[in-house]
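# Remarks on the overall topology
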Amino acid sequence: MENETTFEIQEKDGLLVHQGVIRVPYTWAAGEVASRFYAGLREKKVLGLRCPACKVVLVPPKKVCHRCFSDLTDWVEVGDEGVLQTFTVVHYSEPDLHPVEAPFAYGIIKLDGADTGMTHLIGEADIKGLKAGMRLKAVFRHQPQGNYLDIAYFKPIEEANHG
Amino acid sequence: MDKVAIIGVGQTRYERGNTKSFAELVYEVTRKALDDAGLELDNIDNVVTTTNDFYDGRTIACMAVAEASGSYGRDATNVEGDGTLSAFYGLMRTLSGVYDATIVTTHCKMSEGNPRKLFNQAFDPIYDRILGMDAISSSALQARAYMDRYGVTEEQCAMVSVKNHANARNNPYAHVALEITIDDVMKSPMLAEPIKRLDISPISDGACAIILATEERARKSAKKPVWVRGVAHCTDAYRLGERDLTYSAALETAAKKAYKMAGIRNPFKQIDVAEVYDAFSYMELMWYEGLGFCDRGKGGKLVESGKTQMGGELPVNPSGGVLSAHPVQVAGLARIAEAVLQLRGEAGGRQVPGAKTALAHGITGICGQTHCVWVLSNEEA
Ligand SMILES: [Zn+2]
């Protein structure tokens, strides 16, 4: 059964509490912009949209510039490396929500050529040694599925391999 | 702006696991606000409820609370967002000249759902929802960005928690009143760095209502009217990566507009008491800055100075703030209700003596995407 509503009745303080579950299937059309972004990730390319008025490159891309309301159509490829702007190490566990086990790190990464940050997971990292300003590189998922985890996570770039 | 006053307020006690139904909770505060204003429902011609279908686990969730707010046979409408925004809508309708008295209600029973899962649904299903972020982990990204940028310390954030949880001991409506030290906060379990257990607000059940009235109606009210002197709201970009997380430009814009309306040039000097939306301890420091109580990056120094504690120059969150009770979508309206009590001199043990001008602040969205600022006074313009 796709639509499911169940009820279990409990008692608290002499009053009844109805406990149920809401499970409703839903379909979200990704639209032209996100579909093209995910098509790019299939080829390990990160695509953004440049605002002609603000001259900024938005990654991930979106249809409308929030600042000037321009319709965005100018696609650009940005780097798969960038700078960590902020991060957090999560210590609590939410197995239904978290794609990886705690402790793990989230960060906001500004890719080279982009003007906005991308929120994502940080992997293959010493999570105790994370610092804003460090450089990270996208690790692409082997078998893309057309969602945000087609970049599996960002990993720190070894300074020795860089420059 | 024509004159509008708040003439009645009502709050429940905030707690977790309240066994009242939505309608029972809302009826309690509707009745309290009417009694406070010395009105009967016949005097109300405009009803604004506040609901969120996901939080409430039902479609068109306002149907669960509208009748308890007095909707039957009246013009009733609904807002999804913080209670400061429903109050803003109520204010606009009052200003339309069509209505005399407007009741604004809001409730929260989010503890009946799964707050972390529900908050995760605020993220974009096409993009980053799959990362599993919630209010704590997303706010941790903001806290780090802010603290790194200005050198604000975890101890300074902890001072907010110590101050507000202590203030809550004087508030009979508060959910979590604690006598704690900075060390207790620092040693509480790390949740999402740099945010610890005692840096976060509890999810609380509860409800709040206020009654707004035209000048003519306000002059006939039972209690001394509290006048709306300035109000504004402003929205930032939706995505965290598109905002300057180290500073709330939206709050600054909203505050400046509200101050301009209210004739406030030096908010720190001219405001006597402030109730702000401190969902996390670091937020109170950021909001000091956005509200112009101090310069950018100086929020930590301001709390350290003691000027925002009870007895200081500008006490912030005498009620204990949102850290001490966080009924989602109610908390901003509760800030307004608390400001009203302060301006009437009815705030009991949390009263700021002689308060004439008060500020109330609400937020909606991920990491305070939207801010709403109210300047209230017991003196007419
Ligand atoms: Zn633009």
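See the structure above.
Notes on the structure follow. What you see is a predicted model; the values in this text were computed from it and never measured. (Residues numbered from 1 in each chain as written. Chains lettered and ligands numbered in written order. Predicted model: local features only at pLDDT ≥ 70, side-chain atom pairs only at ≥ 80, totals over all residues. Heavy atoms only, no water.)

### Some details on the overall build of chain A
Rule in force here: Think of it this way: any DSSP run of H or I at least four residues long counts as a helix, any run of E at least two long counts as a strand, and we number them from the N terminus. Each radius of gyration reported is based on C-alpha atoms, and the globular scaling rule is 2.2 Å times the count of residues to the power 0.38. Think of it in three bands: with a 1.4 Å probe and only protein chains considered, a residue is buried below 20% of the maximum accessible area for its type, exposed above 50%, and partly exposed in between. Throughout, a contact is declared for two residues whenever any of their heavy atoms are within 4.5 Å. Shrake-Rupley sampling with a 1.4 Å probe provides the accessible areas, and residues are treated as covered by the protein chains on show and by no other component.
Across its full length, chain A holds 1 helix and 10 strands. Along chain A, helices and strands appear, N-terminal first, in the series β-β-α-β-β-β-β-β-β-β-β. In summary, chain A has a C-alpha radius of gyration of 20 Å against a globular reference of 15 Å for 163 residues, an excess of more than 25%. The principal-axis extents of the C-alpha atoms in chain A amount to approximately 65 × 40 × 30 Å. Residue burial in chain A is summarised as follows: out of 163 residues, 39% are buried. Restricting to contacts in chain A with at least 6 residues of sequence separation, those with at least 24 account for 47%. Just so you have it, chain A exposes about 9600 Å², and 50% of that area is on carbon and sulfur atoms.

### Thoughts on the packing of helix α3 (residues 83-95) of chain B against helix α13 (residues 331-344) of chain B
Residue and element names in this part refer to chain B. Here is the rule: Between N-to-C directions, angles cover 0 to 180 degrees, with each direction set by a line fitted to C-alpha atoms, over the stretch in contact for helices. If an angle is under 35 degrees, it is roughly parallel; if it is over 145, roughly antiparallel; if it lies from 65 to 115, roughly perpendicular; otherwise it is oblique. Under this grouping Gly is polar, as are all residues other than the nonpolar Ala, Val, Leu, Ile, Met, Phe, Trp, Tyr, Cys and Pro and the charged Asp, Glu, Lys and Arg.
As a packed pair, α3 and α13 sit with axes 5 Å apart at the nearest point and diverge in direction by 65°. By the angle between their axes, α3 is roughly perpendicular relative to α13. From α3, G83, T84 and A87 reach across to α13, where they touch G332, L333 and I336. Taken together, the residues of the contact of α3 with α13 break down into 3 nonpolar, 3 polar and no charged.

### Side note on the pattern of salt bridges
Selection criterion: A pair is scored as a salt bridge if a Lys or Arg side-chain nitrogen falls within 4 Å of a carboxyl oxygen belonging to Asp or Glu.
Taken as a whole and judged by the stated rule, the model has 37 salt bridges over all chains. A salt bridge links E275(B) to R335(B), with the shortest nitrogen-to-oxygen separation between them at 2.8 Å. Pair noted here: E275(B) is in strand β9 (residues 273-275) and R335(B) is in helix α13, with a separation of 60 residues, a long-range link. You can call E275(B) buried: its relative accessible area is 1%. Given the relative accessible area of 4%, R335(B) is considered buried. Three or more residues are tied together by salt bridges with common partners; here these are D80(A), E81(A), D112(A), R135(A) and K137(A).

### Quick word on the side chain of N18(B)
Residues and elements named next belong to chain B. Let me state the cut-off plainly: Counted as a polar contact is a pair of N or O atoms within 3.5 Å, where, for protein atoms, one must be capable of donating a hydrogen and the other of accepting one, and residues adjacent in sequence contribute only when both atoms are in side chains.
Along the polypeptide, N18 turns up in the loop between β1 (4-11) and α1 (22-37). N18 gets classed as buried once you look at its relative accessible area, which sits at 10%. Side-chain polar atoms of N18 contact the side chain of E15, separated by 3.0 Å. Excluding residues within four positions of it along the chain, N18 makes contact with L25, K109, E112 and D205.

### Some thoughts on empty space enclosed by the protein
Heads up, the rule is: The rule is simple: put a 1 Å grid over the protein atoms alone, call a set of points where a 1.4 Å probe fits but cannot get out a cavity, call an open set with protein on both sides within 12 Å along at least five of seven lines a pocket, and count a residue as lining if it has an atom within 4 Å of a point. Grid points are joined across faces, edges and corners, and a volume is the space filled by probe spheres set on the points.
The final tally for this structure, using the stated rule, is 5 cavities of 30 Å³ or more. Estimated volume of the largest cavity: approximately 120 Å³. In terms of lining residues, the largest cavity is bounded by 13 residues, among which T119(A), Y148(A), D128(B), R239(B) and L240(B) are the most central. A class-by-class count of the residues in the lining of the largest cavity yields 7 nonpolar, 3 polar and 3 charged. There is about 70 Å³ of room inside the second largest cavity. Taken together, 13 residues line the second largest cavity, and the ones lying closest to its centre are Q11(B), Y14(B), N171(B), A325(B) and R335(B).

### Overview of the packing of aromatic side chains
Residue and element names in this part refer to chain B. For clarity, the threshold we go by: Pairing of aromatic side chains here covers Phe, Tyr and the six-membered ring of Trp, requires ring centres within 6.5 Å, and sorts the geometry by plane angle: under 30 degrees stacked, over 60 edge-to-face, intermediate tilted. Consider the ring centre and the ring normal. A charge sits over the ring if Lys NZ or Arg CZ is within 6 Å of that centre and within 35 degrees of that normal.
According to the stated counting rule, one finds 10 aromatic pairs over all chains in the structure shown. Consider the rings of Y288 and F293, whose centres lie 6.4 Å apart with planes at 40°: the pair is tilted. The exposure classification of Y288 matches that of F293, with both residues buried. Above the face of the Y89 ring, R93 is positioned so that its terminal group lies 5.3 Å from the ring centre. The lysine or arginine in question, R296, covers the ring of Y247, its NZ or CZ lying 3.6 Å from the ring centre.

### Observations regarding unusual backbone geometry
Residue P60(A) is reached from V59(A) by a cis peptide bond, and omega for that bond is -5°. Mapped onto the secondary structure, P60(A) falls in the loop between β4 (57-58) and β5 (74-78). Residue P194(B) is bonded to the preceding E193(B) through a cis peptide linkage, with omega at 5°. Phi angles above zero are rare outside glycine, and E124(A) is one such case at about 45°. Counting through the fold element by element, E124(A) comes out in the loop between β8 (117-122) and β9 (135-140). Residue classification places E124(A) among the exposed residues on the basis of a relative accessible area of 55%. One non-glycine residue with positive phi stands out, namely I60(B), at about 50°. Relative to the assigned elements, I60(B) resides in the loop between α2 (53-56) and β3 (75-79).

### Re the sheet that holds strand β2 (residues 46-50) of chain B
Residue and element names in this part refer to chain B. How we decide: In this description, strands pair whenever DSSP reports at least two bridges between them.
The strand order across the open sheet built from 9 strands is β3-β2-β4-β7-β1-β8-β11-β10-β9, with neighbouring strands paired in mixed fashion. A strand with exactly one partner marks an edge of an open sheet, and here the two such strands are β3 and β9. Strand-to-strand twist across the sheet, computed as the mean angle between neighbouring axes with direction ignored, equals 25°. Most of the contacts of α1 go to β1, to which it runs at about 130°, and overall it touches β1, β4 (101-108) and β7 (206-214).

### Considerations on the sheet that holds strand β3 (residues 46-50) of chain A
By definition, the strands of a sheet pair up through backbone hydrogen bonds, in either a parallel or an antiparallel sense. Residue and element names in this part refer to chain A. If you trace the 3 strands from one edge of the open sheet to the other, you get β4-β3-β5, paired in antiparallel fashion. The open sheet terminates on both sides in strands that have one partner only, identified here as β4 and β5. When β3 meets β4, the two strands line up antiparallel, connected through 2 bridges. Within β4, the residue paired with L49 across the bridge is L58. Against the sheet, helix α1 (residues 31-42) contacts β3 and β5, and its axis sits at roughly 145° relative to β3.

### Description of the nonpolar core
Residue and element names in this part refer to chain B. As a reminder of what qualifies: The term nonpolar core refers to a set of buried residues drawn from Ala, Val, Leu, Ile, Met, Phe, Trp, Tyr and Cys, joined through side-chain atoms within 4.5 Å.
In terms of nonpolar packing, the biggest core is built from 145 residues, with L291, F293, I336, W374 and L376 touching the most fellow members. If you tally residues by element for this core, the top one is α13, at 9 residues. In terms of nonpolar packing, the next biggest core, distinct from the first, is built from 18 residues, L25, V29, I103 and I211 among them.

### Section: the coordination of the zinc ion
Metal coordination angles in their ideal form are 109.5 degrees for the four-donor tetrahedron and 90 or 180 degrees for the six-donor octahedron. For clarity, the cut-off: A 2.8 Å cut-off from the metal defines N, O and S donors, relaxed to 3.2 Å for Na, K and Ca; water is not in the atom list, so some sites may appear incomplete.
At this site the zinc ion is bound by C51(A) (SG), C54(A) (SG), C65(A) (SG) and C68(A) (SG), with donor distances of 2.3 Å. In primary sequence terms, the donor set of the zinc ion follows C-x2-C-x10-C-x2-C.

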